[in-house]
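Chain by chain, the residues run as shown.
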Amino acid sequence: MKTVSLGASRPSTVNFRMPTRDNLVPIRVDVEVDGQRYRDAFTWNPRDPDSEIISFAKRTAKDLKLPANFVPQMLQSIQGQLAEFRSYEGQEMQIKEKIVPLKIDLRVNNTVIRDQFLWDIGNLDSDPEEFARTICEDLNITDPEVGPAIAVSIREQLYEIASQSVSYVREKLSKNKRRAPEFSSNSKAMNNAVDLFKYFGSKGSVIRKRKEWYLYEPVVDVVPSEEGGVTDGKEELNSGSRPKKRMEEVKEASLQSL
């Protein structure tokens, strides 16, 4: 059984960034114009010039044969999310060797995947995209859109932890008293961490005991095409979640007409 050390290092204060090797921002676009709806999820490099956002929006609208009035809506959505991310840059957050549980519950096309696992947010060399590819290989998932969707979901949860850490440092400087944000937030991602963390001891290590293995067993279902309209409370990514850095490899996204 694998044992992972907890609390081996003291918290260190660093400038805000994604706690991963690549500082990529998770982006979600959900635009509806004249009864047509476009949804997509991908990652974006915050260092890229804003001119690339314009080119991306125009190219996407052209490739999917979307009306031209989709472009300004897409621009507003992407630029707004990047502006929020950039507003944290330069501010301090705390990174330490802390193991947190992450949870995935996604539906991509006809594939439904549910999983949960431990993630070391103190490892700035972690790679959600590589991790997602490994999951798909291990589970024999052949849909090329599932891996990017998993990576985006992981990045969204890590982004929330990082942004909450900035808020924690702010309040700590002013009040000098508050518990660690990842275990005190009322947010959805943080509450998932609280629910799962209670299964593990906090006195120096995490051990996956045999009786708790079921908590970490991934579930993959294939939904028949005729059930495509039923989400059953799961997250549906109609256009496919894909990293922006591999955008040229993916030429299609779906368009939902209402």
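About the cut-offs
- Residues numbered from 1 in each chain as written.
- Predicted model: local features only at pLDDT ≥ 70, side-chain atom pairs only at ≥ 80, totals over all residues.
- Heavy atoms only, no water.
- Helix = DSSP H or I, 4+ residues; strand = E, 2+ residues; numbered from the N terminus.
- Buried < 20%, exposed > 50% of the residue type's maximum accessible area, 1.4 Å probe, protein only.
- Contact = heavy atoms within 4.5 Å.
- Areas by Shrake-Rupley, 256 points an atom, 1.4 Å probe, with all protein chains shown as cover.
- Axes fitted to C-alpha atoms, helices over the stretch in contact; angles between N-to-C directions.
- Left-handed = near helix turned anticlockwise from the far one by under 90°.
- Nonpolar A, V, L, I, M, F, W, Y, C, P; charged D, E, K, R; others polar.
- Phe/Tyr/Trp six-rings, centres within 6.5 Å; stacked < 30°, edge-to-face > 60°.
- Salt bridge = Lys/Arg side-chain N within 4 Å of Asp/Glu carboxyl O.
- pLDDT = per-residue confidence, 0-100.
- Pairing = 2+ DSSP bridges.
- Polar contact = N/O pair within 3.5 Å; in protein donor to acceptor, adjacent residues only side chain to side chain.

Overview of the overall build of the chain
Per the secondary structure count, the chain includes five helices and 11 strands. Here the chain holds 258 residues, and the buried ones make up 45% of them. Within the chain, counting contacts between residues at least 6 apart in sequence, those at least 24 apart form 72% of the total. Of the roughly 13700 Å² that the chain leaves accessible, carbon and sulfur atoms contribute 47%.

Describing the packing of helix α1 (residues 50–63) against helix α2 (residues 70–88)
Closest axis-to-axis distance for the α1/α2 pair is 9 Å, and the angle between their directions is 145°. You can see that α1 and α2 cross each other, and the crossing is right-handed. Where α1 abuts α2, its residues D50, I53, I54, F56, A57, K58, T60 and A61 lie against V71, M74, L75, I78, Q79, L82 and R86. Considering only residue class, the contact of α1 with α2 consists of 10 nonpolar, two polar and three charged.

Some details on the packing of aromatic side chains
Scanning all chains against the criterion turns up 11 aromatic pairs. When the centroid spacing of 6.4 Å and the interplanar angle of 55° are considered together, the rings of F16 and Y159 count as tilted. Of this pair, F16 sits in the loop between β2 (12–15) and β3 (25–33) while Y159 sits in helix α4 (residues 146–175), and the two are 143 residues apart along the sequence. Assessed through its relative accessible area of 12%, Y159 is described here as buried. Taking the centre distance of 6.2 Å and the plane angle of 55° together, the rings of F42 and W44 count as tilted. A relative accessible area of 0% means that F42 is categorised as buried. What links up through ring pairs into an aromatic cluster is the set F16, F85, Y88 and Y159.

Details of the pattern of salt bridges
Tallied over the full model, the rule gives nine salt bridges. Here R37 and D30 are joined by a salt bridge, their closest N and O atoms 2.7 Å apart. Classification of D30 as partly exposed rests on a relative accessible area of 45%.

Thoughts on the confidence of the model for the chain
Taken over all residues, the pLDDT of the chain has a mean of 75, while the share at 70 or more is 64%. Predicted confidence for residues 182–187 stays below pLDDT 50, and this span has 18 contacts to residues more than four positions away or in other chains. Within the model, the stretch residues 228–243 combines pLDDT values under 50 with 53 contacts to residues more than four positions away or in other chains.

Considering the pairing of strand β6 (residues 99–108)
Within β6, eight of the 10 residues are buried, which leaves it mostly tucked inside the rest of the structure. Bridge analysis of β6 against strand β7 (residues 111–120) gives 10 bridges, and the strand direction is antiparallel. Counterpart to L102 in the pairing with β7 is F117. Two successive antiparallel strands, β6 and β7, enclose a turn made up of two residues, where N109 displays a positive phi of approximately 55°.

Observations concerning unusual backbone geometry
Among all residues except glycine, the phi angle is most often negative; among peptide bonds, the trans geometry is most common. At D34, a residue that is not glycine, the phi angle is positive and equals roughly 50°. Residue D34 is classed as exposed on the basis of its relative accessible area of 70%.

Quick look at the environment of N15
Structurally, N15 is set in strand β2. A C-alpha to C-alpha distance of 8.5 Å links N15 and Q94, two positions 79 residues apart in sequence. Excluding anything up to four places from it in sequence, N15 contacts G90, Q91, E92 and M93.

A look at the environment of R17
By the secondary structure assignment, R17 is in the loop between β2 and β3. Take R17: its relative accessible area is 24%, and that puts it in the partly exposed class. Sequence separation of R17 and M93 is 76 residues, and the distance between their C-alpha atoms is 8.5 Å. Each residue touching R17, except ones within four places of it in the same chain, is listed here: D22, N23, M93, L124 and A162. One polar contact links the side chain of R17 to the main-chain carbonyl oxygen of T20, over a distance of 2.2 Å.

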